Amino acid sequence: MSKATIEKISNLCKRRGFIFQSSELYNGINGFWDYGPNGVAMRRALEQAWWNYMVEARDNVEGQDSTIICHPQVWKASGHVDQFADIMVDNKISKKRFRIDNLLEQQSPEVLQALADSFETEADVAKLEASFETQVEQKTELVKVILNDCKVIDPSTKKPGDWTEPKQFNLMMQTYVGPVFDEDHKAYLRAETCQPIFINFHTIATSMRQKVPFGIAQTGKAFRNEINPRNFTFRSREFSQMEMEFFCHEEEAMDWYNYWRDERLKFYKDVLNFRPEATRTHDHEKLAHYAKAAMDIEFEFPFGWGELEGIHHRGTWDLSQHAEHSKQKLEYFDQARNERYIPTVIETSVGLDRLMLAILCHAYDEDEAETQKEGKETDVRVVLRLPAVVAPVQVAVLPLSKKLSESSEKIHKDLQKNFRSAHDVTQAIGRRYRRQDEIGTPLCVTYDFDSEEDNCVTVRDRDTMTQERISLDELQGYIFNKLNA
Ligand code: ATP
């Protein structure tokens, strides 16, 4: 069982320059997070690991990088302008606003049963939520009465609220393009990275001479005006996604769906070394009307299981929508089959920030026994057991005394050519080890007074805390093997 709590992780992240509240100087802005030196190093490495696995190691996946602002019609065609909305209600007493699904999750079985009786449905949160959506579209005044009659509790006051009419709240962030701020110049910050992939499908297929089946991947920022950002970076208003859309013939689509599910699970196991029990898969019971299959890969966060990645069989929905709205034929001519068709899409979609949070929670450990081994008084060693591929610092070079720092710096400069290396000179060696443990540095190289004579250094392993004496001639190769083991 992981020893991580969100509080411990967010404290460590701030203390050690990983992640902290955006605009802290002005008391912060809810749902926005900044990445410090260690955070940005880790985040870039993680994005690169995904890109390498999904794009660079394959011949049938191409990359792209689109703008954040697209033609507003893109979001009309995708359904986001009309449907990308959450239902929210306000409590007039506490002045707090809630998303209806979150509110329902926090009600007692009695309140849920009363709501179910009023909506003529089951007291199951998912079923109630679905029924709620239909009711809100039809008659919001009635829903307001039901919420108040059933004494729906405000989780912040633990008392029944005085509820307003529920309202649809679109999650897309808006801006204006050009000097005139009117409806005609309204534009949206993209709510997901995949729509620009669909609209570039033909250009990329042609320019790269790719034939279906093949995929297009993109990473980058997405914006959602989430009603209730929470759990550190898990639900933010500005975040990054890493998505891949795979275009194929309808007959082969289920095979590709299974293939990509297995590939993505392999990524978590082989690239990020996730323990098998840290993730699970969850097939969606409720499918979008166009979808043939959908599932989530979930991670056990300290606050419970949460979606990490979605894998979706989207049928021909996206390309058909864009064909209809743009009035362009988005059919593909398949020479091998001698057939013209709109390709079916299989999507894999994971949040970069959410994945980074999962990795931090997975890596977080506190061990007492190990510190005793090092002959220290019993205290708790906080250690991030990060996989080397994403560790912000892969190797730290520590001179035993400041007097040795000229020589140790040379070693660091040499290592920096091949690894993310740091040179840590100040404070006692024990404290420097602890500092490196807390940021997840897999290896520390210590240069001592003997090193001047024997041309050897001591390499300490973060996880086993064992130390080995290694000749400087062999250091690069030794570190390479250790980090890639
Ligand atoms: P959720 O149900 O958690 O709101 P979603 O089903 O809307 O997520 P998708 O639209 O499928 O999510 O987005 C794909 C991935 O993007 C998610 O699996 C998640 O990792 C990430 N993601 C989505 N919304 C957010 C957010 N507000 N903050 C951080 N990451 C997010």
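Not measured: the values here are computed from a predicted model.

### A look at the nonpolar core
Now for step 1: In this structure, Phe18 and Leu355 are the most contacted members of the largest nonpolar core, which totals 63 residues.
Now for step 2: Here the element with the most residues in this core is helix 12 (residues 352-363); it accounts for nine residues.
Now for step 3: Filtering out sequence-adjacent residues up to four positions away, Leu355 remains in contact with Leu46, Met242, Phe267, Tyr268, Leu272, Phe274, Leu308 and Val350.
Now for step 4: Residues Val89, Phe98, Leu115 and Ile146 belong to the second largest nonpolar core, which totals 19 residues.

### Let's talk about helix 11 (residues 317-326)
Now for step 1: Those residues of helix 11 lying buried are Asp318, Leu319, Gln321, His322 and Ala323.
Now for step 2: Of the surrounding secondary structure, the elements contacted by the buried residues of helix 11 are helix 3 (72-77), helix 9 (195-207) and strand 12 (238-248).
Now for step 3: Among the residues trailing helix 11, Lys327 stands out with phi positive, at a value near 60 degrees.

### Some points on the site of the ligand
Now for step 1: The local shell around the ligand holds 15 residues, among which Glu226, Arg235, Ser236, Glu307 and Leu308 are the closest.
Now for step 2: In the complex, the protein chains occlude 82% of the 590 Å² of accessible area that the ligand would expose alone.
Now for step 3: Mapped by element, the contributors of at least two residues to the shell around the ligand are strand 12, strand 15 (304-313) and strand 18 (344-351).
Now for step 4: In terms of residue class, the shell around the ligand is made up of four nonpolar, five polar and six charged.

### Let's talk about the domain arrangement of the protein chain
Now for step 1: Its domain assignment divides the protein chain into domain 1 (6-71 + 192-361), domain 2 (85-170) and domain 3 (393-483).
Now for step 2: Averaged C-alpha coordinates put domain 1 and domain 3 at centres separated by 37 Å.
Now for step 3: Counting residues at the interface gives six residues for domain 1 and five residues for domain 3.
Now for step 4: Together domain 1 and domain 3 conceal approximately 520 Å² of surface at their shared face, both sides included; 52% is due to carbon and sulfur atoms.
Now for step 5: The interface formed by domain 1 and domain 3 contains two salt bridges.
Now for step 6: As a salt-bridge pair, Glu438 and Arg15 come within 3.1 Å of each other at their nearest N and O atoms.
Now for step 7: The tally of links between domain 1 and domain 3 comes to two residue pairs in polar contact (both at pLDDT 80 or more).

### Regarding the packing of helix 7 (residues 125-138) against helix 8 (residues 140-149)
Now for step 1: The contact between helix 7 and helix 8 brings their axes to 6 Å, and the two run at 130 degrees. Relative to helix 8, helix 7 is oriented oblique. Facing helix 7, whose interface residues are Phe132, Gln135, Val136 and Gln138, helix 8 presents Thr140, Val143 and Leu147.
Now for step 2: Looking at the contact of helix 7 with helix 8 residue by residue, the classes come out as four nonpolar, three polar and no charged.

### Quick word on the sheet that holds strand 11 (residues 214-223)
Now for step 1: If you trace the seven strands from one edge of the open sheet to the other, you get 3-11-12-18-15-14-13, paired in mixed fashion. Here the strands that pair on one side only, and so sit at the sheet edges, are strand 3 (61-63) and strand 13 (279-283). The mean inter-strand angle of the sheet, taken between neighbouring strand axes irrespective of direction, is 25 degrees.
Now for step 2: Bridge count between strand 13 and strand 14 (residues 293-301): five bridges; the pairing is antiparallel. Bridge pairing in strand 14 links Arg280 to Glu298.
Now for step 3: Running over the sheet, helix 9 touches strand 3, strand 11, strand 12 and strand 18 and is turned about 145 degrees from strand 11.
Now for step 4: Sheet contacts for helix 12: strand 12, strand 14, strand 15 and strand 18; angle to strand 14, the most-contacted strand, approximately 40 degrees.

So, how was this worked out
- Residues numbered from 1 in each chain as written.
- Predicted model: local features only at pLDDT ≥ 70, side-chain atom pairs only at ≥ 80, totals over all residues.
- Heavy atoms only, no water.
- Core = buried A, V, L, I, M, F, W, Y, C linked by side-chain atoms within 4.5 Å.
- Buried < 20%, exposed > 50% of the residue type's maximum accessible area, 1.4 Å probe, protein only.
- Helix = DSSP H or I, 4+ residues; strand = E, 2+ residues; numbered from the N terminus.
- Contact = heavy atoms within 4.5 Å.
- Near = heavy atom within 4 Å.
- Areas by Shrake-Rupley, 256 points an atom, 1.4 Å probe, with all protein chains shown as cover.
- Nonpolar A, V, L, I, M, F, W, Y, C, P; charged D, E, K, R; others polar.
- Domains from an automatic or database assignment.
- Buried area = accessible area lost by both parts, 1.4 Å probe.
- Salt bridge = Lys/Arg side-chain N within 4 Å of Asp/Glu carboxyl O.
- Polar contact = N/O pair within 3.5 Å; in protein donor to acceptor, adjacent residues only side chain to side chain.
- Axes fitted to C-alpha atoms, helices over the stretch in contact; angles between N-to-C directions.
- Parallel < 35°, antiparallel > 145°, perpendicular 65-115°, else oblique.
- Pairing = 2+ DSSP bridges.

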